[in-house]
Amino acid sequence: MPRQASSSHRIHRIADQIQRDLSEMIGREIRDPGLGLVTLSEVRLTPDYAHAKVFFTVLGAEPEHAQQLLNERAGYLHSLLFKRLRIHTVPTLHFVFDATTRDAGSMNELIRRAVSDKARD
């Protein structure tokens, strides 16, 4: 297997593991009623494993508030990940709200209205 493909595969494996571990830790370790229900949609690692963008969606809370709260707790979550992962560099976590689901719902509503308007004409 070429080195580039092997490296890319390893990045995806580690990103998936980080996503699984963080999902569990956020639900168990961060007890804040203002956070709502957080679902992690993707983790993107830099090639040097130094940084991870953690994309999330949230129900029952404002996305901006949830993002602020998660980024405030990122250091704590990093320390918990450090204890779990068996890798040399555990990435610094950067939480980013994933608006894809919200935007898809808006687009579906616009399409529904356009179709119903056209049917009336």
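You'll find the structure just up there.
I will try to describe carefully the structure that is included in this document. (Residues numbered from 1 in each chain as written. Predicted model: local features only at pLDDT ≥ 70, side-chain atom pairs only at ≥ 80, totals over all residues. Heavy atoms only, no water.)

Pairing is mixed in the open sheet, where three strands are placed in the order β1-β2-β3. Each edge of the open sheet is held by one strand with a lone partner, namely β1 (37–45) and β3 (92–97). In this sheet, adjacent strand axes meet at a mean angle of 30 degrees when their direction is disregarded. Strand direction decides the pairing type here: β1 and strand β2 (residues 51–59), joined by eight bridges, are antiparallel. Across the sheet, the residue bridging to leucine 37 is leucine 59, located in β2. (Pairing = 2+ DSSP bridges. Helix = DSSP H or I, 4+ residues; strand = E, 2+ residues; numbered from the N terminus. Axes fitted to C-alpha atoms, helices over the stretch in contact; angles between N-to-C directions.)

The subject of this paragraph is the environment of valine 38. Following the sequence through the fold, valine 38 ends up in strand β1. Those residues within four positions of valine 38 in sequence are excluded, and the remaining contacts are Ile26, Phe56, Thr57, Val58 and Leu70. (Contact = heavy atoms within 4.5 Å.)

This part takes up the packing of aromatic side chains. Under the defined criterion, the tally for this structure stands at one aromatic pair. Seen in terms of ring centroids, phenylalanine 56 and phenylalanine 97 are 5.8 Å apart; in terms of plane orientation they differ by 70 degrees. Their pairing is edge-to-face. Here the residue phenylalanine 56 occupies a position in strand β2, and phenylalanine 97 occupies one in strand β3, the gap between them amounting to 41 residues. Taken as a pair, phenylalanine 56 and phenylalanine 97 share a single burial class, namely buried. (Phe/Tyr/Trp six-rings, centres within 6.5 Å; stacked < 30°, edge-to-face > 60°. Buried < 20%, exposed > 50% of the residue type's maximum accessible area, 1.4 Å probe, protein only.)

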